[in-house]
Amino acid sequence: MMERTRDLDIQHGKDLVRGVRAWQELEDRRRTGLDIIDFRLAPSDWILRYSPFFYRKDVLRYFQRLAEDIHRDTSDGLYLGAKVDGLVTYLGFLTMEPRSFHPRDHFELGMTRIAGYIPRLIPGPEVDKVRGEISTNFSDRYELPFDRNGWLTFRRRHGISPTQARKEIAASERAIVSKVAKIVGARSLPRVTIRVVNEETDYWLGWVRANSSDTEFRINEADINSERYYDGVPVRMLIHELGGHGIQARSFADNTKEESVNPGRVETTVPGVEQWLLEAWASEISRLYPSVFDGLTDERRQNAEMAVELQYLTDTAYTNAQYELLISGRDRKVVVGELADLLPHEPTARIELILELMTTRLDRMFYLPVYGDGSFFLRQHVESLPEEAKRRFTNEIHRQPMTPDQVKSLVAQLQLSNS
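Description of the structure in this document. The shown structure was predicted, so the numbers you read here are calculated from the model rather than taken from an experiment.

### Quick look at the nonpolar core
Then, number 1: Membership of the largest hydrophobic core comes to 134 residues, with the highest contact counts inside it found for Trp 23, Phe 63, Tyr 203, Trp 281, Leu 339, Leu 355 and Phe 393.
Then, number 2: Dropping the residues within four chain positions of it, Trp 281 is found in contact with Val 184, Gly 244, Gln 248, Leu 288, Tyr 289, Leu 378, Phe 393, Thr 394, Ile 397 and His 398.

Shown next as structure tokens:
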């Protein structure tokens, strides 16, 4: 499955990285608050000596020219081409007059180009099955109904403070990350700095940023997330943020250093075609490799497993809600009410925040739905693979970022070779 990297692909990768970094500098100079680069893993000298960008339209023209130059006849060419097509589409939306951008008119095209796949509804039976399993488990373990009253009682008994969560994360970090690294065959561990922030206007609980040497794990202790800390969440966060994102970033950096991959592929952005796999993998590690929980007490393991399933239910439900609002055109109040019933563990203020971000803020609109869609794909098509095929899949996704189409092609090859 490995393919020789061409000099032309290297040059196009360098042009991509240079353009993205100069664009980020433009946003920083203008203090727009728009963060584009997520993993900054390409060589540090891949920069434009003098930035040609004064406006976003300058950046748009740069990537339009690059999109025309890229030859899409290799794995690198396909990836870089898709990546640049996504940036062109994203910049096109960002440079539109606000009155001209109507999410319902542009959402499907945006998802296809920016996220790399055609949006879809995750089947209702899948969502119902997961919720039913959670409800049964919740009732059996805690003798409580899985509704808002039951969850309120659960929170009083098993809720933890952000400070408690942070202490558990710090105490468990090395053991859990080392366990994941061993399972996936990573050659080195991320060097992690934990930083506490308060981002009240954003949704996330944890976020990892990485460069070629360091990994920053930010924990968002904003009030909007105060009810989201409970037994099992710190382990789930560690596996997702550092076992998933931290180790993948470290692996991409190692591969770049030894020149086994095109460095132009390892500079990741939000949103971007690579995020579908990155977020799905981080969310589903423990489903594909349950042994990541080995060493935990039975109670801690059960708590972490429930936290993983609750997150999967949440991600798929929000993915469907966005589709229903932007494509099906359903009434917002009805959708909010259904989510409140489906997700009793989600504060109603957070439901409103997530839907606002998914329908109005471009950097979240084309990013957040990848969690649910990608996770559903891995559960449907990768979880059931034989162990050797699963191992080959894991090795490949730790080489370099991939588009959704490249991931699906890889999985199809693995399924065929094991049929």
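### A closer look at the pairing of strand β4 (residues 215-220)
Then, number 1: Burial analysis of β4 places five of its six residues in the buried class, the great majority of the element.
Then, number 2: As paired elements, strand β2 (residues 192-197) and β4 share six bridges and run parallel to each other. Considered in β4, the bridge of Ile 194 is made with Phe 217.
Then, number 3: As defined by bridge partners, strand β3 (residues 206-211) adjoins β4 across five bridges and the pair is classed as antiparallel.

### Digging into empty space enclosed by the protein
Then, number 1: Counted by the stated rule, this structure contains five cavities of 30 Å³ or more.
Then, number 2: Looking at the largest cavity, its volume works out to about 370 Å³.
Then, number 3: In this structure, the largest cavity is lined by 28 residues; those nearest its centre are Tyr 203, Trp 204, His 240, Gln 311 and Tyr 371.
Then, number 4: By volume, the second largest cavity amounts to about 110 Å³.
Then, number 5: Lining the second largest cavity we find 14 residues, and of these Arg 228, Tyr 230, Gln 311, His 345 and Glu 346 sit closest to its centre.
Then, number 6: Breaking the lining of the second largest cavity down by element, the ones donating at least two residues are α8 (233-257) and α10 (298-328).
Then, number 7: The leading source of residues in the lining of the second largest cavity is α10, at four residues.
Then, number 8: Here the lining of the second largest cavity is composed, by residue class, of six nonpolar, three polar and five charged.

### Concerning helix α15 (residues 387-397)
Then, number 1: Inspection of α15 places Ala 389, Lys 390, Phe 393, Thr 394, Glu 396 and Ile 397 among the buried residues, and these make up the whole buried set. For α15, the arc enclosing every buried residue in end-on projection is 165 degrees, short of the 170-degree limit, so these residues lie on one face. Turned more than 90 degrees away from the buried face of α15, the exposed residues are Glu 387 and Glu 388.
Then, number 2: Tucked inside the fold, the buried residues of α15 contact α7 (162-184), α8, α9 (275-288), α14 (369-381) and α16 (404-417).

### Describing the packing of helix α11 (residues 332-342) against helix α12 (residues 348-360)
Then, number 1: Direction vectors running N to C along α11 and α12 enclose 130 degrees, while the axes themselves pass 10 Å from each other. The angle between α11 and α12 places the two elements in the oblique class. Seen from above, α11 lies across α12 with right-handed handedness. In this structure, α11 contributes Arg 332, Val 335, Val 336, Leu 339 and Ala 340 to the contact, and α12 contributes Ile 351, Glu 352, Leu 355, Glu 356 and Thr 359.
Then, number 2: Looking at the contact of α11 with α12 residue by residue, the classes come out as six nonpolar, one polar and three charged.

Analysis parameters
Residues numbered from 1 in each chain as written. Predicted model: local features only at pLDDT ≥ 70, side-chain atom pairs only at ≥ 80, totals over all residues. Heavy atoms only, no water. Core = buried A, V, L, I, M, F, W, Y, C linked by side-chain atoms within 4.5 Å. Buried < 20%, exposed > 50% of the residue type's maximum accessible area, 1.4 Å probe, protein only. Contact = heavy atoms within 4.5 Å. Helix = DSSP H or I, 4+ residues; strand = E, 2+ residues; numbered from the N terminus. Pairing = 2+ DSSP bridges. 1 Å grid on protein atoms, 1.4 Å probe; cavity = no way out; pocket = protein on both sides within 12 Å on 5 of 7 lines; lining within 4 Å. Points joined across faces, edges and corners; volume = space filled by probe spheres on them. Nonpolar A, V, L, I, M, F, W, Y, C, P; charged D, E, K, R; others polar. Arc of directions from axis to C-beta. Axes fitted to C-alpha atoms, helices over the stretch in contact; angles between N-to-C directions. Parallel < 35°, antiparallel > 145°, perpendicular 65-115°, else oblique. Left-handed = near helix turned anticlockwise from the far one by under 90°.

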